[in-house]
Structures are given as C-alpha cells and as structure tokens.
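# Overview (structure and organization)
Single-letter residue listing:
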Amino acid sequence: MKIAVIGQSLFGQEVYKELKKAGHEIVGIFTIPDKDGKEDALGECSPRDGTPVFKYPRWRVKGKAIPEVVGEYSSLGAELNVLPFCSQFIPMEVIDFPKHGSIIYHPSLLPRHRGASAINWTLIHGDKKGGFSIFWADDGLDTGPILMQRECEVFPDDTINTLYKRFLFPEGIKAMVESVDLIAAEKAPRIKQPEDGATYEGIQKKENAKINWDQPAEAIHNWIRGNDKVPGAWSEVNGHKLTFFGSTLLDSGPPQGQTLDIPGAHKPAVVGKNGLVLFGNDGKMLLVKNLQFEDGKMIPASKYFSSAESSSLEFTEEEKKVKEEIRAVWKGILSNVAEIVETTDFFKSGAASMDVVRLVEEIRLKCGLQLQNEDVYMATTFEDFMQKIVRKLRGEDEEEELAIDYIEMNINNLTIRMPHQAFINGEFVDAEGGNWYNAINPTDGSVICKVSLAQVSDVDKAVAAAKEAFEAGEWGRMNPRDRGRLIYRLADLMEEHQEELATIEAIDSGAVYTLALKTHVGMSIQTFRYFAGWCDKIQGCTIPINQARPNHNLTFTRREPIGVCGIVIPWNYPLMMLAWKTAACLAAGNTVVLKPAQVTPLTALKFAELTVKAGFPKGVVNILPGAGSLIGQRISEHPEVRKLGFTGSTPVGKQIMKSCAVSNVKKVSLELGGKSPLLIFSDCDVDKAVRMGMGAVFFNKGENCIAAGRLFVEESIHDQFLHKVVEEVKKMKIGDPLDRSTDHGPQNHKAHLDKLIEYCATGVKEGARLVYGGKQVPRPGFFFEPTVFTDVQDDMFIAREESFGPIMIISKFADRDLDGVLKRANNTEFGLASGVFTRDLSKALYVSEKLQAGTVFINTYNKTDVAAPFGGFKQSGFGKDLGQEALNEYLRTKTVTIEY
C-alpha cells in the first residue's frame, strides 16, 4: 500500500521505520520546517533511503488549502495518510484524498481529552486509566470514528515522561503499524465516538498553569505532574514566579527542614534534604524535587536556601582548556548555531532529549565525568553548564561529606576508623535520648568504644526513611542494572577495606584474623558480588491458561520487591550474616532496617559508611544497634515492615514469627538453631575425617550455626578416631586472634563463656566422659578450651541441645548399623546441616537422602558457597539464604492476565 507519512518527532520517525519494515511503500514524508537550522527527527529519514521529504510551514491560509501544496501532495498518489504525531492543521482536501482516507494517533482514550494536551489532562484529572486512540480523521476536533484503542494503568507518580516512555510511545508505534495492516486487509473497524464522557481541553499554556493551593495534596500533585515539563506548574514565591517539577506523593512522618511561605498555601512548605515538601488543604503532603526560576535556571528544590552556587567560579588555565573542549561538543550538537557563546541556551537552540543523552555521553568520554540528564536541564546555558561542570570536577558539586564521629585505633599495624552511632536515613546519629552501651573486646574484656543504644522511636524513624526511599526515592525508580552497579561498587569498597573490616571483626567478635579475612569478610564480598549480578536477571514468566473464546488471554508474572525489610542477625559472623541477607534483599530492590547483635555492632556500622561511599541513596540501608528484646521486637511487629529475615536461636525465632503474624502477617524467613549430626563410617579416610571433623566442630571457635553438634562414629574406629582427635586438639594454639599463628580465639562474650562452662558441667554430671578441655583458659578475656566428650548417650542434655561452642560430642554406633544410626541422627527437632564420611558412594547417597537437614556434606564439611542455597528443616527454620532461592525471600509474585 502507498502511504504518505505526515507528522513529526521521534515517534513519527519510528512509525515510518516500522511501516517500511512491514513492506509498505512510503511515497512521501511531510514534516515541519527546520527549527533554528535543526531538522526534525522524521525529516532525518529521507537522506537514508531516498524517500521524498516535504517541509511545508503551513498547509492552508485563512482556512483554505494552499493549491500548490495540495497539488504537490496529490501527485504522489498516496492510498493512505498516516499521521503518527502531527501538530499542523491538514486540510480536508488532503485528509480525504487517499482511497483509504487518513488515520491519526491521539494520546488519550477518545472521546476523553480531545484536544492538544491530552497526556497533560490525563494526569491533571488524576485518571486511573490512560492510553491512546487511532482514529479516522474528519473535519472535527479529534471526533472521527475509532479504529483502535489501547489502555494502560496510570500510576500515582507517573509523569508525562514515564507514561509516554512506558506505554504511549512503544505501544503506540506498534498499534499504528497494526492499524495500517488492518486497513490493507480491509478489516479495519470504524467505531463512532460517543458523546457520553467526552471532554474538550485546549492546549495547556504557562499562563493557565498557576497552582491552586486550596485543594487536596493529590490534586496539587496531579496538577504539577500534569504540567511537567511543559508548560510547568508555577506559583508566586517571595515575589518571583517559581515553577515546580518532579512531584511525588508522600506518606511519611513530619518533614524536617526550613519552612518556606507560599501565598495561598494551606501551610508553609518545608525545604528538606530530599526536596520541597508541600501541603494540600487535607493536610497530606507531596514532594517536589526541582524548581525553576523565571530566568530559566533550574535547581534541586533541596537547595532553595543554599547560596553555594550563587557566585561564579574563576577558571584555571587547565579548566579553560576543558571549557573550549566542551564548547566544541556543544557546537557539534547544535550545528545550526553559528557560535557557542556564554548565553547560548541548549534547548532554545533546538536541542532535544536525544541530544541530552549525547551531551552526557560526550562529557563522560572527554572529562571522565558522569552527569545525569537532570544536570543538563538544570544548567541550560553554556555559562551555567560550565560552572556546573567545573564544580563537579573540583568536587564542590558533590553532596556534603558524611559527618562521622569516628573511634580511631592503631592496631594490627593499621589505623582503623569505626563509626559508633546509629545509622538512619543516610546519617550517623545519636540514639533517641542519647543512650549508649559499651562494646567489649573479648580478647581481654576491655571496652572498645561506646555504641548508640537504639530505642523504639529510632526504629520508627528508620522504617519511615526506608519506606520513603522505596516508595518516593531514587532507589524505588532505579534501573535494576544501575542497582547492580551500586552493589558491585559496594563490594569493591568492602574489598578495599578488607583488612580494616577483618580487624574490627577480630576485636569485636573474637574471630581469628586470618579466618575473618577469608570467611567473615571475604565471603561477604563474594555474596554482594554474586547478588549484584542477579539484579537485572529477576524476571517472571508467561503462563498458558484456558482461553475465553472467542477472545484470547495472555497471563504473565512479575517479580517485584516487597518494600521495607527488617533483618535481625546474630553475633557469630557479624558481617557475613549481614551480607547473606542484605545482599539478596537489596538486589531484589527492597530497602533495609537491620539490627546487628548488640554485642557485635561495629562491622555493620562500618558497612553503613561504605554504602554511603558507594552512592546508595539515603534511607536504603539503616543500621540500629541495640537490644534484641526492644529493637528486634519492634522491627518484627512494625506494621510498615513487610518482610523479616532472622538468624538466631529457635526460641527467639518463635517469638518473632508470632509478632510478624499478629502485626501485619509479614513474610518471614528464619535460620534457627542446629544440632547437626556428622556420621563417620569405618570405611572412611580416617585422617581426613579427623581433620574435617575438627573443622566441623571447632571452626570459628564452635560459634557456627552448622557446627557438627554430635559426631556418630562407627564402633570399630571409635578409639582410633578419638585418639587422633585429642592429639590434634592438643596442638591447637589458643591466643590473640590478631596473631597470625592463632588457631582458637576467645568466645564472643562473657555470658556465652559462662554458658559453655555450665554446659560441660551438665555433661559430666550426666555421665558423659570428658576426654579433653571443658574449662575456661586461665588468662584475661573469654577463652574456653577446645573440648571433647565421648560415651554420650542419646537422652543426655549435651546430646540434644546445641552448645554453640568448641565442644565435640562423640557417640558410638554399632558396626554396619546404617539405619539405626540414621534414626538416631534424625531424632532431633533441628535440621540445619549434616554430614557423612565414607568411601562407599552408594552409602553416602543413601545417607544424604535419608538425613533430615537442609544441607548435607559428603566427605567434607563447612563448604558453603554464595551460589548454593542455605537453610534448615524442622525447628531450624525455613527459607533460604544464598543462591538464587534467596531472592525468593525478598520478592513477591504478581500475576497479570490480559484479554484481547
């Protein structure tokens, strides 16, 4: 079919390209004349493929068609006119000329919002549904018969830009081509537009865009977003006309900042660190991100009262060279401008959105400076743009440096710098009421520093910050790939600070430094890198369902973040437990309120500092040191927390699960206690079983959730195994965890040491044979001897309960009694991990199948990996850390069904 394309813009260009791909013959392109020497995007198609292009300034004069224009158009013999985006008045002599007539794209669900600013009015009226119409042109104002319509949901914070990019642009192009195909097949409908529900709104102009403050916040929000970016909603402020851009609705606590009186407003606005908070007459709030003055200068709303950029910089000779390089970049883009001078305005000179992308990219390549598109919109003249560039190159344009009250220590041949306040909404702050507690070094019992003791009100502040970051902040709108880049950057920073983190871990938790370097910190880095790679691979699926004939259905799922997630972690691996949960949580797109164990908060607070350095937006990560009974409890019962991840004891896990159910039925994952069985058969490699068995018990001083809580050793090798174990235990060096030759550091804290002493006393009292250890080491600090018990019977306390310390519990089992020992191994309410040593592969696989545990190790132990899911059965909890399955804990699945 021969088609004339009449219109303009990138939309028109894409429709033209797709029509060509579909095999249609384009006999001519009709677009607007060049503006300031710059050709419209549709006109750019002509030189590439030789299609004739015509640029009429007008098609008619005084309401009558220009004969020369109509004659030139008619000579092409078009069978259909396609008007994908047309701002000119096309006379009916042209509209009716083709045998198939003319079709037009209109960005509304006609008959609603007939007129020129349909997208604006869709938002201004707060419509819940938007979309577009393709209709047959007539001599009315968008009143011709409908050929096709497509609709979409309009989200509360949609802007003209998001609605256009998400739906109106891509789906509109497809629909235009589909409509042409229907016409070619003579199947195109002509559905008369009803008058019922019709609205006629003219083009929205600046003089009509003044804000009426005497209405609800949602109506003000709709007015601002409906006029963003053209013509721009405005109001008189301090005697000047101020235009508002980037509105979102707010549902958080009272804003903090400096008040700004706006004539007619229900109450004074508040200039805060996130922008300008405005109030409707219903008392509800909205947030505006950017402001524009009458001279065209745009600033972040948060900097309304700031004078930091009021004075012009004097450039150095080097900066003057950079200026000339950038002047050449502008000249390359604005080829229609004879000379780039200080007052040249990027957009008034004809630049469009694609030119913004090109400018940002060229600046990145030439200066190594990563701008945001918004930076260009906020500095539109060459002079202002250069001021912004030089400020950024000097570092003056960056946000204020994070204020941190560090505790500094010279230790381990390093100077370590530790934050020790609570971390809320991107800032280190004292806890409510100024409460503090002592962080203790388990190596000698000394005080490392005082740490903020968070209160319930701090939880509420942190949750509000996390909620705002998720719902209204940059994080919630961030491209998944960009989110992944931030997490990769965080992992890189953790690696840069690996020695410092490992040192803090050693003095705060008692972890042996070499183990902290490799596992506590090293695996944490691996975890963040692993989940960073998942950010842009979280996807749903399409599902075939029964068709509702004669219609068809498309059903698909979306994997979405949950929102604010609470995370409560234990003291045995302070940083690694943080990483295991937080990395998956952030990769899924959630925000976090995390409570580290009260006795080991310092690496979590250092981690918070690194998130700021990595560029995480405020409120995404919040860290609250404090008591589990207070802070953990409040997080678990908070109504705005939608998911809770917990690692700790089974009794506490049960209480948390109850609180989560009663509060708001929040999603929960629990990794709880263990009493992991390790089965050692006589046909194993005994030396390897001894070496691995000791690691299974004594790794990280036994403070290990998957530690082998009970070893079942086949009777024929029991004595040999026991002898070798005792010989090896005697060689273990107990001492300062920062000493590189130390095997065994102090227990985490005094209460835990006392528990281990009592645990061993109970074992002896019940008749178990204490072969080695069982006592506190006579030196400063919380050191406990590696301990070995044997002849442990199944009904004894130490056979049933977890020690969470360096205590090996050995029980014999009769030779070849495979099913008997399996029954004994499974006779526990725990099911976190397990292990088996044997050279018989069939036996190993049989045992792995029968053991009731989330992880089974065969001829190895403690071999966890970031890609392998980890979690327990029975009262060891449910849900998974690590691996792809961990993402499921922090995502929700939405099913969408479309009928067509």
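Up top is the structure.
About the thresholds
Residues numbered from 1 in each chain as written. Predicted model: local features only at pLDDT ≥ 70, side-chain atom pairs only at ≥ 80, totals over all residues. Heavy atoms only, no water. 1 Å grid on protein atoms, 1.4 Å probe; cavity = no way out; pocket = protein on both sides within 12 Å on 5 of 7 lines; lining within 4 Å. Points joined across faces, edges and corners; volume = space filled by probe spheres on them. Nonpolar A, V, L, I, M, F, W, Y, C, P; charged D, E, K, R; others polar. Helix = DSSP H or I, 4+ residues; strand = E, 2+ residues; numbered from the N terminus. Salt bridge = Lys/Arg side-chain N within 4 Å of Asp/Glu carboxyl O. Buried < 20%, exposed > 50% of the residue type's maximum accessible area, 1.4 Å probe, protein only. Patch = residues over 30% accessible without salt bridge, like charges linked within 9 Å, V, L, I, M, F, W, Y side chains within 5 Å. Areas by Shrake-Rupley, 256 points an atom, 1.4 Å probe, with all protein chains shown as cover.

Attention shifts here to empty space enclosed by the protein. Applying the stated rule across the entire model yields 5 cavities of 30 Å³ or more. Taken as a whole, the largest cavity holds about 100 Å³ of empty space. Taken together, 15 residues line the largest cavity, and the ones lying closest to its centre are A707, G709, E802, S803 and F804. Its residues assigned to classes, the lining of the largest cavity shows 6 nonpolar, 7 polar and 2 charged.

As a further point, take unusual backbone geometry. Negative phi is the rule for most residues except glycine; trans is the rule for most peptide bonds. For the bond running from L110 to P111, omega is 15°, close enough to zero to count as cis. Locating P111 in the fold gives a position in the loop between β7 (102-106) and α5 (118-124). Although it is not a glycine, S9 sits at a positive phi angle of roughly 75°. Relative to the helices and strands, S9 is located in helix α1 (residues 9-21). One non-glycine residue, N412, adopts positive backbone phi at about 60°. Checked against the element boundaries, N412 lands in the loop between β17 (407-411) and β18 (414-418).

Bringing the pattern of salt bridges into the picture now. For the coordinates displayed, the defined rule picks out 45 salt bridges. Linking K21 and E18 is a salt bridge whose minimum nitrogen-to-oxygen distance equals 3.3 Å. A residue pair is termed a helical-turn pair when its members lie 3 or 4 positions apart in one helix, as K21 and E18 do in helix α1 at 3 residues. Since its relative accessible area comes to 25%, E18 is described here as partly exposed. We note a salt bridge from K606 to E609, for which the minimum N-O separation is 3.0 Å.

Let us now look at a nonpolar patch on the surface. Together, L10, M354 and V357 give the surface a local cluster of nonpolar side chains, amounting to about 250 Å² of exposed area. Residue position: M354 is located in helix α9 (residues 353-367).

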